[in-house]
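Okay, here's what each chain looks like letter by letter:
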Amino acid sequence: MTRPRLGLFTRLLEEAPAADRYRFALEQIERADELGFASAWVAQHHFNGHEGGLPSPFVLLAAAAQRSRRIALATGVVTLPIDDPLRAAEDAAVLDALSGGRVQLGIAAGGTPASFPAFGHDPAARREIFAEHLAIFRDALAGRGVRGTDSRIYPPAGDLGERIWQATFSVDGGRRAGEAGDGLMLSRTQPRPEGEHDRPLHELQLPTIEAYRAALPAGIAPRILASRTALVVDAADRPRALELAEPGLRELAALQPGIDAARASLAELIAVTDTHVGTVEEVTESLTADATLPRSTDVSFQVHSIAAGHERTLRSLELLATEVAPRLGLATGPEAAEQLRTAHHAPATANGSRP
């Protein structure tokens, strides 16, 4: 199995006006491309700028395509029950043409329930809507007639339909992604059952990976993205980085049942939110303990929920690529980007991994 590839993930959450958030994201993707990151994943959120800053990922990624050369341009994720699947397929096909075939399509059934009614959908029916929309999405990308018509999208999407990844928290979701031959996307953190807050994240995610791998059709190689929160700083900047980390991590920890986030120490907040923050040595050590990473094909890093700021984020990207990635054995550079571009065609070995 080849080494996991290094990726960037962003929710565009800087404390700045929208235009600056988008400029920052484009500069971060451009810098990641220069540093040899294999992928850049952008999240989609509607309405609430505090939760996420980008309702239209394909628009931003089209701009990123003009400022980058090799890095994969990926959605992380498109909330398919909300989006019109035909328009999403058309937008993805245009982006793939503009970027020279660099698109990866992360999709999910979830999303913020409060966003559904404005789009005319009931969040309680999101799984049923997702299944219906996913079928239309696949038909459109495969060049089949859409919704029982002879209408086929332009430009043709080629093999883009084989570059779908499904995000999930559950073993059943991992199994469904595997059965479809799609990639699997795992979150940066995951709610624990009450009373089990000390469980490592990999204990929750490894069963999903195993169910996914077991369900893959014969000959299909796994594609597994593990997203993680990491802010890597120089030693002199460590006190300020920890100071910046505390408010966001306390807010995130408060979402977990049974956690007294108001009284938790910073070390406890870092642990319960699965955050990696500190110097190169500290982040490398904490990531080395994460047993999910060696079972993944791709690892993406975001600074959220830490309000790191743009310049500190750029420095963290540099330290991840030049210092942390070599220590962890993560793949970077043109070869890693090319491997991801063709990963959906890679043959599986006998144990289900890539050669």
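Here goes a summary of the coordinates provided.

Conventions adopted
- The residue numbers shown here count from 1 along each chain, following its written sequence.
- The model is predicted, so local features are restricted to residues of pLDDT at least 70 and side-chain atom pairs to those at 80 or more, both for listing and for counting; the totals for chains, interfaces and linings are taken over all residues.
- To get the side-chain values, take all heavy atoms of the structure and skip hydrogens and water.
- Working definition: helices are DSSP H or I runs of at least four residues, strands are E runs of at least two. Numbering for both runs from the N terminus.
- Burial here depends on accessible area, computed with a 1.4 Å probe over protein chains only, as a share of the maximum for the residue type. Under 20% is buried, over 50% is exposed, and the range in between is partly exposed.
- In what follows, a contact means two residues having at least one pair of non-hydrogen atoms within 4.5 Å.
- Here the open area of atoms and residues is found with the Shrake-Rupley method and a 1.4 Å probe, where only the protein chains shown may cover a residue.
- Put simply, two rings from Phe, Tyr or Trp (the six-membered ring, in Trp's case) pair if the centres are within 6.5 Å, and we call them stacked under 30 degrees between planes, edge-to-face over 60, tilted for the rest.
- Here the term cavity refers to a set of points on a 1 Å grid, laid over the protein atoms alone, in which a 1.4 Å probe fits but cannot get out; the term pocket refers to an open set having protein on both sides within 12 Å along at least five of seven lines, with lining residues being those that place an atom within 4 Å of a point.
- Grid points are joined across faces, edges and corners, and a volume is the space filled by probe spheres set on the points.
- Residues are grouped as follows: nonpolar covers Ala, Val, Leu, Ile, Met, Phe, Trp, Tyr, Cys and Pro; charged covers Asp, Glu, Lys and Arg; every other residue, Gly included, is treated as polar.
- Counted as a polar contact is a pair of N or O atoms within 3.5 Å, where, for protein atoms, one must be capable of donating a hydrogen and the other of accepting one, and residues adjacent in sequence contribute only when both atoms are in side chains.

Side note on the overall build of the protein
Right, so step 1: Helix and strand counts for the protein come out as 11 helices and 9 strands.
Right, so step 2: With the C-alpha coordinates of the protein rotated into their principal frame, the extents come out at 60 × 45 × 40 Å.
Right, so step 3: Residues counted as buried form 54% of the 355 residues belonging to the protein.
Right, so step 4: Long-range contacts, defined as pairs at least 24 residues apart, comprise 76% of the intrachain contacts of the protein with a sequence gap of at least 6.
Right, so step 5: Carbon and sulfur atoms form 54% of the exposed surface of the protein, whose accessible area is close to 14,700 Å².

A word on the side chain of His 45
Right, so step 1: Looking at the secondary structure, you find His 45 in the loop between strand E2 (39-42) and helix H2 (57-65).
Right, so step 2: Here His 45 falls in the buried class, since its relative accessible area comes to 16%.
Right, so step 3: Residues within four places of His 45 in sequence aside, it is in contact with Arg 11, Glu 51, Gly 52, Leu 54 and Pro 55.

Quick look at the packing of aromatic side chains
Right, so step 1: Taken as a whole and judged by the stated rule, the model has 2 aromatic pairs.
Right, so step 2: Note on Trp 41 and Trp 165: the rings are 5.4 Å apart at their centroids and 85° apart in plane angle, and the pair reads as edge-to-face. You can see Trp 41 sitting in strand E2 and its partner Trp 165 sitting in strand E5 (residues 164-167), a full 124 residues away along the chain.
Right, so step 3: A residue is classified by how much of its surface remains accessible, and Trp 41, at 0% relative accessible area, is buried.
Right, so step 4: According to the relative accessible area criterion, Trp 165 is buried, its value standing at 0%.
Right, so step 5: When the ring of Phe 47 is compared with that of Phe 119, the centres are 5.8 Å apart and the planes differ by 50°; the resulting orientation is tilted. Here the residue Phe 47 occupies a position in the loop between E2 and H2, and Phe 119 occupies one in the loop between strand E4 (103-108) and helix H4 (126-141), the gap between them amounting to 72 residues.
Right, so step 6: In this structure Phe 47 comes out as exposed when scored by relative accessible area, which is 63%.
Right, so step 7: Residue classification places Phe 119 among the partly exposed residues on the basis of a relative accessible area of 34%.

Structural notes on the layout of surface pockets
Right, so step 1: When its volume is computed, the second largest pocket comes out at roughly 460 Å³.
Right, so step 2: Lining of the second largest pocket is provided by 24 residues; of these, Ile 270, Ala 271, Val 272, Asp 274 and Thr 275 occupy positions nearest its centre.
Right, so step 3: Every element with two or more residues in the lining of the second largest pocket is listed here: helix H6 (201-215), helix H8 (266-272), strand E8 (275-278) and helix H9 (280-288).
Right, so step 4: Take the lining of the second largest pocket: its biggest share by element is 5 residues, from H8.
Right, so step 5: Along the lines of polarity and charge, the residues of the lining of the second largest pocket split into 11 nonpolar, 5 polar and 8 charged.

Considering the side chain of Thr 297
Right, so step 1: Inspection of the secondary structure assignment puts Thr 297 in the loop between H9 and strand E9 (298-302).
Right, so step 2: A polar atom in the side chain of Thr 297 sits 2.8 Å from the backbone nitrogen of Ile 224.
Right, so step 3: A polar atom in the side chain of Thr 297 sits 2.7 Å from the side chain of Asp 298.

Considerations on empty space enclosed by the protein
Right, so step 1: Scanning the model with the defined rule gives 1 cavity of 30 Å³ or more in all.
Right, so step 2: Among the secondary structure elements, those contributing two or more residues to the lining of the largest cavity are strand E1 (5-10), E9 and helix H10 (310-328).
Right, so step 3: Among the elements that line the lining of the largest cavity, the one with the most residues is H10, at 4 residues.

Things to note about the environment of Gln 339
Right, so step 1: Tracing the backbone shows Gln 339 in helix H11 (residues 334-341).
Right, so step 2: Sequence separation between Gln 339 and Arg 5 is 334 residues, and the spatial gap between their C-alpha atoms is 8.8 Å.
Right, so step 3: Each residue touching Gln 339, except ones within four places of it in the same chain, is listed here: Thr 2 and Arg 5.

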